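Residue-level structural notes
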Amino acid sequence: AQSVTQPDARVTVSEGASLQLRCKYSYSGTPYLFWYVQYPRQGLQLLLKYYSGDPVVQGVNGFEAEFSKSNSSFHLRKASVHWSDSAVYFCVLSAQGGSAKLIFGEGTKLTVSS
Amino acid sequence: AQTIHQWPVAEIKAVGSPLSLGCTIKGKSSPNLYWYWQATGGTLQQLFYSITVGQVESVVQLNLSASRPKDDQFILSTEKLLLSHSGFYLCAWSLTGGSSAETLYFGSGTRLTVL
């Protein structure tokens, strides 16, 4: 069965600190993985995606993620967070079937404190 | 540039009343279209998707229906709302082709409160 787990429902970090949001997936095939961000009362926006090649992918606003097949993980990182990064972050798995078969994690709510 | 517009922004409705939510995509022909539902503080659950006019696939049964009357329009509706329908409804589009690496582009959503 395919699944996505984000073990941390809430994360709080200080402005300027580094960030890692964890994501574990379960899928026997080649995964296509995404991170989306949802700002309050808005739709979702793509941060980055991975489907092959360099396991470290760069996204918008200084975010990056590292794919690990051995660990079945796709953790999101940022070297220095800003208060405007406060949002909910979703890790998403696309299995065979394209966008009609997206599996969303439960989301991690990030709060950046000043 | 492509734009996606959802309406209304918010609705407060009574249990048992009808509902119609809409979504329009401009600047992209023949997109794949999707409806998602998000409970307050929860994750996204896909409800429907459509790859062409007049064709809609149901993913989850929630006593809702969807239609695609035009290439750029996707409608979500029900004749009788339930309390459990409350939440945030998101429309999204992606390029056609079925690639697993397609990006979804989301609308700003409709906040539905059923009382």
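First, a word on what this report is: a plain description of the structure on this page.

**Considering the overall build of chain B**
The helix and strand tally for chain B stands at zero helices and eleven strands. In chain B, the succession of α and β elements from N to C terminus is β-β-β-β-β-β-β-β-β-β-β. Taken over C-alpha atoms, the radius of gyration comes to 13 Å for chain B, in line with the 13 Å a tight globule of 115 residues would show. When the backbone C-alpha atoms are referred to their principal axes, chain B occupies close to 40 × 30 × 25 Å. Here chain B, with 115 residues, has 47% of them falling under the buried criterion. Put simply, of all contacts in chain B between residues at least 6 apart along the chain, 55% involve residues at least 24 apart. Looking at chain B as shown, the accessible area adds up to about 5300 Å², and 54% of this sits on carbon and sulfur atoms.

**Remarks on the sheet that holds strand β3 (residues 19-26) of chain B**
All names here are of chain B. Ordered in space as β1-β3-β8-β7, the four strands form an open sheet in which the pairing is antiparallel. If you trace the sheet from one side to the other, it starts and ends with β1 (3-7) and β7 (65-70), each paired once. Averaged over all adjacent pairs, the angle separating strand axes in this sheet is 20°, with direction ignored. Judged from the six bridges that link them, β3 and strand β8 (residues 73-78) form a sheet pairing that is antiparallel.

**Focus: the pairing of strand β12 (residues 108-113) of chain A**
Residues and elements named next belong to chain A. Every second residue of β12 is oriented toward a common face, the buried set being Thr 108, Leu 110 and Val 112 and the non-buried set Lys 109, Thr 111 and Ser 113. The pairing of strand β2 (residues 10-14) with β12 spans five bridges and is parallel. Of the residues in β12, the one forming a bridge with Val 13 is Val 112. Pairing analysis gives three bridges linking strand β10 (residues 87-94) to β12, with the strands arranged antiparallel. Looking at β12, one finds that Tyr 89 is bridged to Thr 108.

**Comments concerning the packing of aromatic side chains**
In total, this model carries 14 aromatic pairs over all chains according to the counting rule given. Each residue in the set Phe 34, Tyr 36, Phe 90 and Phe 104 of chain A together with Tyr 34, Tyr 36 and Phe 106 of chain B is aromatic and connected to the rest through ring pairs, giving one cluster.

**Concerning the state of the cysteines**
Counting across every chain of the model gives two disulfides over all chains. There is a disulfide in this structure between Cys 23 of chain A and Cys 91 of chain A, and the S-S distance comes to 2.0 Å. The chirality of the disulfide connecting Cys 23 of chain A with Cys 91 of chain A is left-handed, given an S-S dihedral of about -65°. Of this pair, Cys 23 of chain A sits in the loop between β3 (19-21) and β4 (24-26) while Cys 91 of chain A sits in strand β10, and the two are 68 residues apart along the sequence. In this pair, the class of Cys 23 of chain A matches that of Cys 91 of chain A, namely buried. The side chain of Cys 23 of chain B participates in a disulfide bridge whose partner is Cys 91 of chain B; the two sulfur atoms lie 2.0 Å from each other. Between Cys 23 of chain B and Cys 91 of chain B the sulfur-sulfur dihedral comes to about -75°; the bridge is accordingly left-handed. One end of the pair, Cys 23 of chain B, is in strand β3; the other, Cys 91 of chain B, is in strand β9 (residues 87-94), with 68 residues separating them in the sequence. Overall, Cys 91 of chain B belongs to the buried group, its relative accessible area being 0%.

Rules and cut-offs
- Residues numbered from 1 in each chain as written.
- Chains lettered and ligands numbered in written order.
- Predicted model: local features only at pLDDT ≥ 70, side-chain atom pairs only at ≥ 80, totals over all residues.
- Heavy atoms only, no water.
- Helix = DSSP H or I, 4+ residues; strand = E, 2+ residues; numbered from the N terminus.
- Rg over C-alpha atoms; globule rule 2.2 N^0.38 Å.
- Buried < 20%, exposed > 50% of the residue type's maximum accessible area, 1.4 Å probe, protein only.
- Contact = heavy atoms within 4.5 Å.
- Areas by Shrake-Rupley, 256 points an atom, 1.4 Å probe, with all protein chains shown as cover.
- Pairing = 2+ DSSP bridges.
- Axes fitted to C-alpha atoms, helices over the stretch in contact; angles between N-to-C directions.
- Phe/Tyr/Trp six-rings, centres within 6.5 Å; stacked < 30°, edge-to-face > 60°.
- Disulfide = S-S within 2.5 Å.

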